[in-house]
Amino acid sequence: MGIYSKPVVFAIVSALVILTGTVVTVFIPMFLPSTQPVSAFVKPYTAIEQEGRDIYMREGCHNCHTQTVRPLRTEVLRYGEYSKAEEFAWDRPFLWGSRRTGPDLNRIGGKYPDSWHYRHMQSPQSMFTLSNMPPYAWLASNRLDTSDSFRKTEILGYGYTEEQVQQQLAEYKSKVTSAGYDSKETRDQVTPDALKGELTEMDAIIAYMQKLGRDVKAMEAKQ
Amino acid sequence: MKDTGYDYSVVRGFAFSALFWLIVGLVIGLWIAYEMFNPALNITPWLSFGRLRVVHTNGLGLGFGLAGIFATAYYMLQRLTRTPLPFPGLAKAHLWLFNAAIALAAVTLMAGISTTKEYAELEWPLDIGVVILWVMFAINVFAILIKRQEKQMYISLWYLVAMTVTVAVLYIVNNLAIPLTLFKSYSLYAGANDANVEWWYGHNIVGFIFTVPVLAMFYYFLPKATGLPIYSHRLSIVSFWSLIFAYLWTGAHHLMLTPLPEWIQTVAIAFSIFLIAPSWGSVVNGYYTLQGNWDQMRTNYLTKFFILGITFYGLQTLQGPLQGLRTLNAFFHYTDWVVGHVHMGTMGWVAMIISASFYYMIPRITGRDLYSIKLANIHFWLILVGQLAWTVTMWMGGIQQGAMWKATNPDGSLMYSFLDGLTSLYPYYRIRFVAGVVYFIGILVFAWNLIQTVRQEPSDAKA
């Protein structure tokens, strides 16, 4: 009787049924400007920030930290201005997360100096005795692998030339290794001697932390 | 046992693979549950929470869940079509490659090779492997349905066909990415768009792995185990079509109050509420099947697994849509409430139904009596109590955390720091760990019971 005795027809009808909601709520929105708004204020990640983002992904930081501030009074009080779609235009993949075991990080950039992050990454418990965040001291013992840095920015469409990428990396390296770096003392404490003059994975993830939400803060300052 | 020419070796292989990955996944679950209140357990990068959490979710979702589905599907397909498996060699290859893929998945995730998209963390070479495995399964599904001896396709077969089609669409669309190296790729979609695709996938992969095929088991094994026919065929038809239609619209309730366009969120809320109807269609169908035979809850050890299982499914499908409402979502989202919600579904509904299905199926395919009904009852009570203690604890923790995040002083400033909210959860985390241990012991009893069952002499030989 009917399609219950015709498996191929049944499969085709099922496919059409499940595709209806899919087309309306997922496929069509892919091509609407509202899911991919752009803003002149939101700049792509620099090569070092992207390297940091990849380490953030590798360590699964998104399993405990969200990156979306919701438009709720107490949330804006706690974290800052709520998140806008434009901010994520360069994010492949998005890292909004689904659980806040740790605080939201979408406005973390510029909130603390680099030295805070070096100390906190090395041992969260040294700053907050009861924190349950895993220590990431070993990130400072890993030299940053920049061999794919240019190709990454190329795939992600950031529009840098290879020279620009090398320059970004060199500039960041000279910043964190220079005698005048404001967080030099803490960086030297957490970084092994052999890597003090090199870029480490810890440097990269902190560069990424400091980028988060920065563009929105710049936008607000101008308005 | 009559020799019907059915191939049960692959059924048995997948059933014991499911048991293996269940135990591995639960050990990792206990490990990360302990890390939540004692970070000293983050001994090496490989064992740090951020990496291990996805080994837990993938190990249980793909390892245990899918293996349990494949085991029961290969069984139900043959029984319901009265046809032997058309390609037993392909099914055997499917079994071995499946286990290799899950092992590789665990190792790569521990190594930090992850796309970060929830329940789709595997990198692209493994994604291709998953698609090939799915095709190997689908060939047997469609071949057996085309060759079948039984004219009508029973309800369970509808759910299996819907799963086969939908999981393929979901998995391929969400995992499209541009490779950088063998171990790294970047999503094809960006920002809000990527979030929308991911949660369309994330919600529906749960639906079409933890709901649809488990309903297939429920509709097949409940009548088999109780000897009672399903209450209403018409209700199952209505439930089936409205369930698979409505499910796909609801992913964005995971993205409530995020920068995703508001209309997509609102459509998702509306369809989530609608979904209560088809979900409860199956719940009601299950309850009414027992009409006049409720004494089976005492007399038949399997009945209570199915009825408690479908009860947790019913609670799950009420709780889910309510959590999706904007006001409630604003309170509960990102807290442990949601973690409790997920685990009622997996530890309650999915594990109860797969357990009972295995208890029914394994003795029949091996020609042996179940080793011990008493142990099966102990297993039932341990996983019931463990699960309830687990989920209720997480709901309480979630309410507390949500309230502390929102609490303000009379002058409008925040009453609690983030750390205040977190540390107030540690007592709950300790109780959750203990509840998890109770549950785990129940699962060990389950595994022991099945292993002892197949190690016995065949019941024919004894007679």
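## Some thoughts on the interface of chain B and chain A
Quite often, the size of an interface is put as the accessible area lost when its parts meet.
For step 1, the next point in the chain: Across the boundary between the two partners, chain B contributes 67 residues, which contact 65 residues of chain A.
For step 2, the next point in the chain: Considering every element that reaches the side of chain B that touches chain A, the biggest residue donor is helix H6 (residues 191–226) of chain B, with eight residues.
For step 3, the next point in the chain: Among the residues making up the side of chain B that touches chain A, the classes are represented as 42 nonpolar, 18 polar and seven charged.

## Some thoughts on the confidence of the model for chain B
For any part of a model where pLDDT is low, the fine detail of the predicted coordinates should not be relied upon.
For step 1, the next point in the chain: Of all residues in chain B, 98% have pLDDT values of 70 or greater, and the mean over the chain is 96.
For step 2, the next point in the chain: Here the prediction assigns the complex a pTM of 0.96, and the interface score ipTM is 0.96.

## Some details on the packing of helix H3 (residues 88–110) of chain B against helix H4 (residues 124–147) of chain B
All names here are of chain B.
For step 1, the next point in the chain: Contact geometry of H3 with H4 gives a least axis separation of 10 Å together with a crossing angle of 155°. When the axis of H3 is compared with that of H4, the two are roughly antiparallel. Crossing angle aside, the handedness with which H3 passes H4 is left-handed. Across from Leu90, Ala91, Ala93, His94, Leu97, Phe98, Ala101, Leu104, Ala105 and Thr108 in H3, the residues of H4 making contact are Leu126, Gly129, Val130, Leu133, Met136, Phe137, Ile139 and Asn140.
For step 2, the next point in the chain: Each residue belonging to the contact of H3 with H4 can be placed in one class, and the counts come to 14 nonpolar, four polar and no charged.

## So, helix H8 (residues 262–274) of chain B
For step 1, the next point in the chain: For H8 of chain B, built from 13 residues, the straight-helix expectation of 18 Å at 1.5 Å per residue is met to within 8% by its first-to-last C-alpha distance of 19 Å.
For step 2, the next point in the chain: Every buried residue of H8 of chain B is accounted for by Ile264, Gln265, Ala268, Phe271 and Ser272 of chain B. Along the long axis of H8 of chain B, the arc covered by the buried residues comes to 130°, so they all point the same way.
For step 3, the next point in the chain: Where H8 of chain B is buried, its residues meet helix H1 (7–30) of chain A together with H6, helix H7 (233–247) and helix H11 (301–324) of chain B.

Cut-offs applied
- Residues numbered from 1 in each chain as written.
- Chains lettered and ligands numbered in written order.
- Predicted model: local features only at pLDDT ≥ 70, side-chain atom pairs only at ≥ 80, totals over all residues.
- Contact = placed C-beta atoms within 7 Å.
- Helix = DSSP H or I, 4+ residues; strand = E, 2+ residues; numbered from the N terminus.
- Nonpolar A, V, L, I, M, F, W, Y, C, P; charged D, E, K, R; others polar.
- pLDDT = per-residue confidence, 0-100.
- Axes fitted to C-alpha atoms, helices over the stretch in contact; angles between N-to-C directions.
- Parallel < 35°, antiparallel > 145°, perpendicular 65-115°, else oblique.
- Left-handed = near helix turned anticlockwise from the far one by under 90°.
- Expected span 1.5 Å × (residues − 1).
- Buried ≥ 20, exposed ≤ 12 C-beta atoms within 10 Å, placed from the backbone.
- Arc of directions from axis to C-beta.

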